[in-house]
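Residues per chain, in single letters:
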Amino acid sequence: MTTPRRLLLVNGPNLNLLGIREPDVYGHDTLADVQRLVEDAAARRGFEVRALQSNHEGVLIDAIHAARTDCAGIVINPGGLTHTSVVLRDALSGVALPVAEVHISNVYEREPFRHHSYVADVAAVHVIGEGVGGYARATRLLIDVITGAAEG
Ligand code: CA2
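Thresholds applied
- Residues numbered from 1 in each chain as written.
- Predicted model: local features only at pLDDT ≥ 70, side-chain atom pairs only at ≥ 80, totals over all residues.
- Heavy atoms only, no water.
- Helix = DSSP H or I, 4+ residues; strand = E, 2+ residues; numbered from the N terminus.
- Rg over C-alpha atoms; globule rule 2.2 N^0.38 Å.
- Buried < 20%, exposed > 50% of the residue type's maximum accessible area, 1.4 Å probe, protein only.
- Contact = heavy atoms within 4.5 Å.
- Near = heavy atom within 4 Å.
- Polar contact = N/O pair within 3.5 Å; in protein donor to acceptor, adjacent residues only side chain to side chain.
- Areas by Shrake-Rupley, 256 points an atom, 1.4 Å probe, with all protein chains shown as cover.
- Axes fitted to C-alpha atoms, helices over the stretch in contact; angles between N-to-C directions.
- Parallel < 35°, antiparallel > 145°, perpendicular 65-115°, else oblique.
- Nonpolar A, V, L, I, M, F, W, Y, C, P; charged D, E, K, R; others polar.

**Here's the deal with the overall build of the protein chain**
Consideration 1: Helix and strand content of the protein chain: five helices and five strands.
Consideration 2: Mapped from its N terminus to its C terminus, the protein chain presents α and β elements in the order β-α-α-β-α-β-α-β-β-α.
Consideration 3: For 152 residues, the compact-globule estimate of 2.2 N^0.38 gives 15 Å, and the protein chain sits close to it at 14 Å.
Consideration 4: Referenced to the eigenvectors of the C-alpha coordinate spread, the extents of the protein chain come out at roughly 45 × 30 × 25 Å.
Consideration 5: Buried residues in the protein chain amount to 43% of all 152 residues.
Consideration 6: Sequence-distant contacts, at least 24 apart, represent 74% of the contacts inside the protein chain between residues at least 6 apart.

Shown next as structure tokens:
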């Protein structure tokens, strides 16, 4: 089977508030800006993007399962579920697609409960604390993993 030239972009709970609340932590860009960034970075390499944000864990998991058949990889900012969700981690490892984990803020400089990620060791790419621009770099690195290219 040929590898689909499509990525799934997943944003978890509360990320719909990007650019609306807490700009000091998360910046002024909106979720629509994030989706555009990822779409542009992917399009330059000939990939399209299916984007989803949800505040509901089960919706995220269903979307991850659906990606198994028609996506080549997953860019995900799981939001607070990063630090709590074995279920989300199991979904990501279950579909066995390459994963890029993104965090806008530097979670390691924040509260101790943000220092552990259940997703980290099932992700091939980690981009943390680079602001919204980190989504574009994560997308490029993920495509490198998918296409077998060296990191550039
Ligand atoms: O830095 C990140 O990207 C986080 O994944 C964001 C999560 C947080 O729980 C993680 O520890 C780090 C929170 C997402 C909530 O996003 C908001 C955006 C604007 C206003 C309020 C919340």
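**Points about the site of the ligand**
Consideration 1: Lining the immediate surroundings of the ligand are 17 residues, of which Asn 77, His 83, Ile 104, Ser 105 and Arg 114 lie closest.
Consideration 2: Between the ligand and the protein, one listed contact pairs an oxygen atom with a side-chain N or O atom of His 83 at 2.7 Å.
Consideration 3: Between the ligand and the protein, one listed contact pairs an oxygen atom with a side-chain N or O atom of His 103 at 2.9 Å.
Consideration 4: Look at the ligand: alone it shows 500 Å² of surface, and the protein chains cover 94% of it.

**Structural notes on the environment of His 115**
Consideration 1: With respect to the secondary-structure elements, His 115 resides in the loop between β4 (99-103) and β5 (125-128).
Consideration 2: For His 115, a relative accessible area of 35% puts it in the partly exposed group.
Consideration 3: When sequence neighbours within four positions are dropped, the list of residues in contact with His 115 reads Val 107, Tyr 108 and Arg 110.
Consideration 4: Of the polar contacts made by the side chain of His 115, one reaches the backbone oxygen of Arg 110; its length is 3.0 Å.

**Brief notes about the packing of helix α3 (residues 57-70) against helix α4 (residues 86-95)**
Consideration 1: It is the contact of α3 with α4, at a shortest axis distance of 9 Å, that shows an interaxial angle of 5 degrees. By the criterion of interaxial angle, the relationship of α3 to α4 is roughly parallel. Along its contact with α3, which presents Glu 57, Leu 60, Ile 61, Ile 64, His 65 and Arg 68, the element α4 presents Val 87, Leu 88, Ala 91, Leu 92 and Val 95.
Consideration 2: Of the residues in the contact of α3 with α4, the class split is eight nonpolar, one polar and two charged.

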